[in-house]
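# Structure assessment
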Amino acid sequence: MKSEKAKGRRKFMKNTIMASFSSIVGMPIVFGSNMPKELLPIGFFDGSLPPDLIGKSNLLTVLNDRPVNAEAAAHLLDDDLTPNDMFFVRNNGIPPVNVDVNKWSLTIEGESAKQSKTYTLQELKTKFKQYTLNLTLECGGNGRSEFNPPAKGNQWSTGAVGCAAWTGVRLADVLRDVGIKSNAVYIGYYGEDTHLSGDAKKNTISRGVPINKAMEEESMIAWSMNGKDIPLLNGYPLRLVFGGYPASCSGKWLSKIVIRDRVHDGQKMKGKSYRVPCKPVAPGAKVKDEDMCIIEKMPVKSLITYPKTGATIKSTEKLPIRGHAWTSADSISKVEYSIDFGGSWHPCELKNAKNRYAWQRFSAKIPFPEEGYYEVWARATDSNGDRQPIILPGWNPKGYLNNASHRIAIKVI
Amino acid sequence: MRARNKNEKPNGARASLWSLLLNTIYFTLFCIVGCIGYFLLEGPINDIINQKKYSDEELELLSKKAMMSLSLEKEKANWDKVVDGIHIRTGFYDDPNLKTVIASCTSCHSAKLVTQNRATRAGWKSMIVWMQETQGLPDLGKSEPIILDYLAKYYAPKATGRRKNIDVDAIDWYVLNIDDTSQ
């Protein structure tokens, strides 16, 4: 039996549905809430729900609703693996509608492919060995809102990141099955989303990675996220997943991969998109396109996911904190916290990752010397010895790669 | 024959009037009985119909869609409402030239992508040029200076130093119960 609460919820949902019918028909529909499925006004249940709402939590912060760009506040990312409905969305265009998984296919071709070959989704699942890896995806522009002078684009705070268990096949296995010529330099992807302008010939985004990255063990073509279908907004039914690179390389609604004999030149590979100045520049500097270089690694970074900022505790208590740290290097070697604005740093406990490019849990129990306002800062160091800065890292025109320490505010009373 | 015919006419009229009356009474009775019947049987009938229930997911989708269309209705009523200098539907600052901005800048993406950003006039110009070169934005003609003036006026950069303070006023302070959290 369903609980009363669940029933009440069903009733509430039915009521809103009926209220909206009434507004369409122009009068109340008597006994409307009992209307059987077959009688619903045509077009009401044809899967044409605006895709911006499917499968996502209403706790997400929506930066833009057309195209959908939404992120999670830090404390909503506390799970070991980010739940599908909390995973950030960075859409550049309009996701495909009426996806038919039975007809979905992936074509591999390009100058450096030995042949052009097409696999159905079913063939991918049966022909190749399947793997499940925990991989962190972070938008290149995560943290953009902090840059000064302001950088262009969606003003992400800290939530355009997540780590999920992705199931699929190794990209390398599929590329080898097609055959790679020795002159291969890059791979590029094409997806089934459509351009905002409505121009069917325009690609929304078509990026990729160097061939070496494509051949890494952790580079995947995935159809499942945390054991479930990938949410439509995150690329259902098929996408690429590359840890350690800007998430824009991990093409969604994947239908084609090209093996290129040159650096891929698709939409958003050129100009200033997903590029930073090759040499450091002063804040606000004008940088020519030819002086911009493609981002090929995401920096070491961490996020305090517990407690939520704004906690008040008693001076007799120790504050438990925890969070995640991630990097494009092999692993995180150290996470530290500071409660005196970086004056002194103390080690956190750090767990190992299941595999490379998975985020790692850290935790600590913090004593405070006296009452007052504190900020807890966290900074991670990776196996390359790279460490997070506590002020903003190098300014760049599009505001990428902000890995400054995360901070939460605490009051001790 | 004639006489009889003359007599028949009033007879025929009376008969059809009578049958109309009877039909009306029958129909009314039918409706009353029907309604009573329906009210009596409503429960059981609904039970049968409800066997084809929605799953919770389906209901949730429907209800979200319904809320959308309801809020769309509301939106229509408040199409160009301005509160505290903000055009509610788009989130843009109100201005005599707002219509030009809305017409030029909200067809591909929502106004939210614009209002999130801050830049100098030159910075805004460079975004427009980028959209024209790569995203299919047409030449804005005489509107361009109007739009640039508008954007540079309301969405100019604010100096924030090398790193902003945490926005302490915006924090929702709460008491953390530490015993509940030992994980």
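Residues numbered from 1 in each chain as written. Chains lettered and ligands numbered in written order. Predicted model: local features only at pLDDT ≥ 70, side-chain atom pairs only at ≥ 80, totals over all residues. Heavy atoms only, no water.

Attention now goes to the packing of aromatic side chains. Taken as a whole and assessed by the stated rule, the structure comprises 15 aromatic pairs over all chains. When the ring of Tyr373 of chain A is compared with that of Trp173 of chain B, the centres are 6.4 Å apart and the planes differ by 75 degrees; the resulting orientation is edge-to-face. One end of the pair, Tyr373 of chain A, is in strand E23 (residues 372-382); the other, Trp173 of chain B, is in the loop between helix H6 (143-154) and strand E3 (174-175), on a second chain. Each member of the aromatic cluster is reached from another via a ring pair, and the members are Phe92, Tyr93, Tyr150, Tyr154 and Tyr155 of chain B. Sitting above the plane of the Tyr131 of chain A ring, Arg170 of chain A keeps its charged end 4.0 Å from the centroid. Cation over ring: Arg379 of chain A sits above Trp345 of chain A, and NZ or CZ is 4.0 Å from the ring centre. (Phe/Tyr/Trp six-rings, centres within 6.5 Å; stacked < 30°, edge-to-face > 60°. Helix = DSSP H or I, 4+ residues; strand = E, 2+ residues; numbered from the N terminus. Lys NZ or Arg CZ within 6 Å of the ring centre and 35° of its normal.)

Moving on, we come to the environment of Ala159 of chain B. All names here are of chain B. Position of Ala159 relative to the elements: it lies in the loop between H6 and E3. Judged by relative accessible area, which is 76%, Ala159 ranks as exposed. Sequence spacing of Ala159 and Leu17 is 142 residues, and the spatial spacing of their C-alpha atoms is 89 Å. (Buried < 20%, exposed > 50% of the residue type's maximum accessible area, 1.4 Å probe, protein only.)

What follows is about the sheet that holds strand E21 (residues 349-350) of chain A. Taking strand neighbours across the sheet as the criterion, the four strands line up as E16-E18-E22-E21 (chain A) in an open arrangement whose pairing is antiparallel. Two strands lie at the open edges of the sheet, namely strand E16 (301-306) and E21 of chain A, each paired on one side alone. (Pairing = 2+ DSSP bridges.)

Moving on: the packing of helix H5 (residues 121-134) of chain B against H6 of chain B. Residue and element names in this part refer to chain B. Put simply, H5 and H6 touch, their axes get as near as 9 Å, and they point 130 degrees apart. The pairing of H5 with H6 is recorded here as oblique in orientation. The interaxial crossing formed by H5 with H6 has right-handed handedness. Within the contact between the two elements, H5 uses Arg121, Trp124, Lys125, Ile128 and Gln132 and H6 uses Glu144, Pro145, Leu148, Asp149, Leu151 and Ala152. Residues belonging to the contact of H5 with H6 are distributed by class as follows: six nonpolar, one polar and four charged. (Axes fitted to C-alpha atoms, helices over the stretch in contact; angles between N-to-C directions. Parallel < 35°, antiparallel > 145°, perpendicular 65-115°, else oblique. Left-handed = near helix turned anticlockwise from the far one by under 90°. Contact = heavy atoms within 4.5 Å. Nonpolar A, V, L, I, M, F, W, Y, C, P; charged D, E, K, R; others polar.)

This part takes up the environment of Pro397 of chain A. All names here are of chain A. Residue position: Pro397 is located in the loop between E23 and strand E24 (406-412). Exposure remark for Pro397: the relative accessible area of 7% places this residue in the buried category. Sequence-wise, Pro397 and Lys152 are 245 residues apart; in three dimensions their C-alpha atoms are separated by 7.3 Å.

Counting residues in each nonpolar core, the largest one holds 37 residues, and the members touching the most others are Leu124, Ile187, Ile221 and Ile257 of chain A. One finds Ile304, Val335 and Ala364 of chain A together with Leu176 of chain B within the second-largest nonpolar core, a separate group that totals 26 residues. (Core = buried A, V, L, I, M, F, W, Y, C linked by side-chain atoms within 4.5 Å.)

In this section: the state of the cysteines. Applying the stated rule across the entire model yields one disulfide over all chains. Linked covalently through their sulfurs, Cys278 of chain A and Cys293 of chain A form a disulfide whose S-S length is 2.0 Å. Here the disulfide of Cys278 of chain A and Cys293 of chain A is right-handed, its torsion about the S-S bond being about 100 degrees. Here Cys278 of chain A, found in the loop between strand E14 (275-277) and strand E15 (292-294), pairs with Cys293 of chain A, found in strand E15; they are 15 residues apart in sequence, far enough to count as distant. Take Cys278 of chain A: its relative accessible area is 39%, and that puts it in the partly exposed class. Sulfur of Cys163 of chain A: no disulfide; nearest cysteine sulfur belongs to Cys139 of chain A and is 16 Å away. Cys108 of chain B supplies the cysteine sulfur nearest to Cys105 of chain B, a cysteine that is in no disulfide, at a spacing of 9.7 Å. (Disulfide = S-S within 2.5 Å.)

Residues and elements named next belong to chain A. With five of seven residues buried, strand E22 (residues 360-366) lies mostly within the body of the structure. Both strand E18 (residues 319-326) and E22 contribute to a ladder of seven bridges, which runs antiparallel. When the sheet's bridge partners are listed, Leu319 is paired in E22 with Ile366. Here E21 runs beside E22; their pairing, made up of two bridges, is antiparallel.

Right, let's talk about the domain arrangement of chain A for a bit. The parts lose accessible area when they come together, and the size of an interface is often stated as this lost area. All names here are of chain A. Parsing chain A into structural domains produces domain 1 (105-269) and domain 2 (301-412). In this structure, domain 1 and domain 2 have C-alpha centres spaced 30 Å apart. Taken together, the 27 residues of domain 1 in the interface contact 23 residues of domain 2. Note on domain 1 versus domain 2: buried area summed over both sides is about 2,100 Å², and carbon and sulfur give 53% of it. For the interface between domain 1 and domain 2, the tally reads four salt bridges. Between Arg356 and Glu218 there is a salt bridge; the shortest N-O distance is 3.1 Å. For the interface between domain 1 and domain 2, the tally reads 15 residue pairs in polar contact (both at pLDDT 80 or more). (Domains from an automatic or database assignment. Buried area = accessible area lost by both parts, 1.4 Å probe. Salt bridge = Lys/Arg side-chain N within 4 Å of Asp/Glu carboxyl O. Polar contact = N/O pair within 3.5 Å; in protein donor to acceptor, adjacent residues only side chain to side chain.)

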